[in-house]
Amino acid sequence: MMNPKPRLSPAVFLIPLLSACMAVTSCYYSTSQGSRAGDIRNIVIPLFDNTTVETGIQETLTDEVIERFLTNGEFRIVDVRQADAAIIGVITALQEESVAFSAGTVAREVRLWIVVDVRFETVDKKEVIWEERQLRTFGDYAIDTGTDSDREPALDTAIEKMADEILNQSISGW
């Protein structure tokens, strides 16, 4: 009696084949130096303007944007006299909308939107590298205590997302 030949699992063939297909068709992603901003290396990020009634938000957002750029390292943060370009921002709105309700019409969860007009422009010629009007990010919060302590983490989240978005717009090449 002959021993049957051991049968190989289809995974032995599929995994290398799928890996090869993914490698061939994958997109190339890079955030290389100056991919969108050309020869710009030094930037200034002045305090964002704030047209909302929310006090202190402009300092928090500006600090968060500066932190993102420092951590990324593609640009050097400098004084306006040394800057090639500037990130100019205006906080235009802070909006809240209910997204979840308990029995009846009592809001249980709120989405807090921060809306910013922002542009990245050269310092000398004021040429706009990129500009976004009404750039929006959000943070959600549950209404537990009915105090600002419920809202603060959502505002922090919205600000962090906005800082990430501004950095991504500035370093991306698309």
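Residues numbered from 1 in each chain as written. Predicted model: local features only at pLDDT ≥ 70, side-chain atom pairs only at ≥ 80, totals over all residues. Heavy atoms only, no water.

Caption draft 1: Main features of the overall build of the protein chain. Helix and strand content of the protein chain: 3 helices and 6 strands. Each helix and strand of the protein chain, placed in order from N terminus to C terminus, yields the pattern α-β-β-α-β-β-β-β-α. Looking at the protein chain residue by residue over its 174 residues, the buried ones come to 33%. Sequence-distant contacts in the protein chain: of pairs separated by 6 or more residues, those separated by 24 or more amount to 66%. In the structure as shown, the protein chain presents an accessible area of about 11,100 Å², 54% of it carried by carbon and sulfur atoms. (Helix = DSSP H or I, 4+ residues; strand = E, 2+ residues; numbered from the N terminus. Buried < 20%, exposed > 50% of the residue type's maximum accessible area, 1.4 Å probe, protein only. Contact = heavy atoms within 4.5 Å. Areas by Shrake-Rupley, 256 points an atom, 1.4 Å probe, with all protein chains shown as cover.)

Caption draft 2: Expanded view of the packing of aromatic side chains. Scanning the entire structure with this criterion turns up 3 aromatic pairs. Here tryptophan 113 and phenylalanine 138 contribute two aromatic rings whose centre-to-centre distance is 5.0 Å and whose plane-to-plane angle is 55°, an arrangement assigned as tilted. Here tryptophan 113 is found in strand S5 (residues 107-122), whereas its partner phenylalanine 138 is found in strand S6 (residues 128-142), with 25 residues between them in sequence. Grouping aromatic residues by their ring pairs yields a cluster made of Phe69, Phe75 and Phe120. Over the face of the ring belonging to phenylalanine 138 we find arginine 111, whose NZ or CZ atom lies 4.1 Å from the ring centre. Positioned above the aromatic ring of tryptophan 113, the side-chain terminus of arginine 136 is 4.2 Å from the ring centre. (Phe/Tyr/Trp six-rings, centres within 6.5 Å; stacked < 30°, edge-to-face > 60°. Lys NZ or Arg CZ within 6 Å of the ring centre and 35° of its normal.)

Caption draft 3: Structural detail: the environment of isoleucine 87. Residue position: isoleucine 87 is located in strand S4 (residues 85-101). Note on isoleucine 87: relative accessible area 0%, which makes it buried. Considering only alpha carbons, one finds isoleucine 87 and phenylalanine 48, 39 residues apart in sequence, at a separation of 8.9 Å. Sequence-distant contacts of isoleucine 87, defined by excluding residues within four places in its chain, comprise Ile43, Val44, Ile45, Pro46, Phe48, Phe69, Val118, Arg119, Phe120, Ile166 and Ser170.

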